[in-house]
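Here's the letter readout for the chains.
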Amino acid sequence: TNEYTSNGLGGISNLDITVTNNTNYILDEVMVEVEYIKKNGGIFKVEKLVLKNSSPKEIKSVRAPDSNRGKTVRVSIKSIYSKQLNLCYDNNKPIIPGNPDPFICKN
């Protein structure tokens, strides 16, 4: 994230999420999840943001929605899809023991 603004009474604004493609391949889609965390540690809301068509070695940013509550944010990658890499990474997909490549795209 960038140095976003956190209002003293609660609220997040000017939040940019940056993804760096460190590969030599196009990433067709990267989905990130932003959790807006309240002062007591609870989650106020969750937003999913998608960055599309990230070229090799490219750094891309997307603006997250402002929030009228929250003191901090937690960001995680939920999925990455790349046709060139035959990569279909999904954080919610269970990993089956013995599968040599659980993130290969299935046709």
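Placed above this text is the structure.
Being a predicted model, the structure only gives us computed values, none of them experimental. (Residues numbered from 1 in each chain as written. Predicted model: local features only at pLDDT ≥ 70, side-chain atom pairs only at ≥ 80, totals over all residues. Heavy atoms only, no water.)

(A) Quick look at the sheet that holds strand β7 (residues 72-82). The strand order across the open sheet built from four strands is β5-β4-β7-β8, with neighbouring strands paired in antiparallel fashion. Two strands in the sheet have a free side with no partner beyond their single neighbour: β5 (43-54) and β8 (87-90). The average undirected angle you get between the axes of adjacent strands in this sheet is 20°. (Pairing = 2+ DSSP bridges. Helix = DSSP H or I, 4+ residues; strand = E, 2+ residues; numbered from the N terminus. Axes fitted to C-alpha atoms, helices over the stretch in contact; angles between N-to-C directions.)

(B) A look at the environment of D28. With respect to the secondary-structure elements, D28 resides in strand β4 (residues 27-37). A relative accessible area of 22% means that D28 is categorised as partly exposed. Here the alpha-carbon distance between D28 and L85, two residues 57 residues apart in the chain, equals 10.0 Å. Not counting chain neighbours up to four residues away, the residues in contact with D28 comprise L51, K52, N53, Y81, S82 and K83. (Buried < 20%, exposed > 50% of the residue type's maximum accessible area, 1.4 Å probe, protein only. Contact = heavy atoms within 4.5 Å.)

(C) The environment of N40, seen in detail. Counting through the fold element by element, N40 comes out in the loop between β4 and β5. Classification of N40 as exposed rests on a relative accessible area of 64%. Through-space distance from the C-alpha of N40 to that of T23 is 38 Å; in sequence the pair is 17 residues apart.

(D) Region of interest: the nonpolar core. Ranked by internal contacts, the top residues of the largest apolar core, which has 14 residues, are L15, I17, V34 and Y36. Counting residues per element, the ones that place at least two in this core are β3 (16-20), β4, β5 and β7. If we skip the residues at most four places from it in the chain, L15 touches T1, N2, Y4, V34, Y36, V62, R63, A64 and V73. (Core = buried A, V, L, I, M, F, W, Y, C linked by side-chain atoms within 4.5 Å.)

(E) Expanded view of the state of the cysteines. Taken as a whole and assessed by the stated rule, the structure comprises one disulfide. Through a disulfide, C88 is tied to C105; the S-S separation comes to 2.0 Å. The disulfide joining C88 to C105 has a torsion of about 100° about its S-S bond and is therefore right-handed. In this pair, C88 sits in strand β8 while C105 sits in the segment after β8, placing the two residues 17 residues apart along the sequence. (Disulfide = S-S within 2.5 Å.)

(F) Inspection of the pattern of salt bridges at higher detail. Applying the stated criterion to the full structure yields six salt bridges. Between D16 and R63 there is a salt bridge, with the nearest N and O atoms lying 2.6 Å from each other. Note that D16 is positioned in strand β3 and R63 in strand β6 (residues 59-63), a separation of 47 residues in sequence. Salt bridges sharing common partners tie together E33, K48 and K78. (Salt bridge = Lys/Arg side-chain N within 4 Å of Asp/Glu carboxyl O.)

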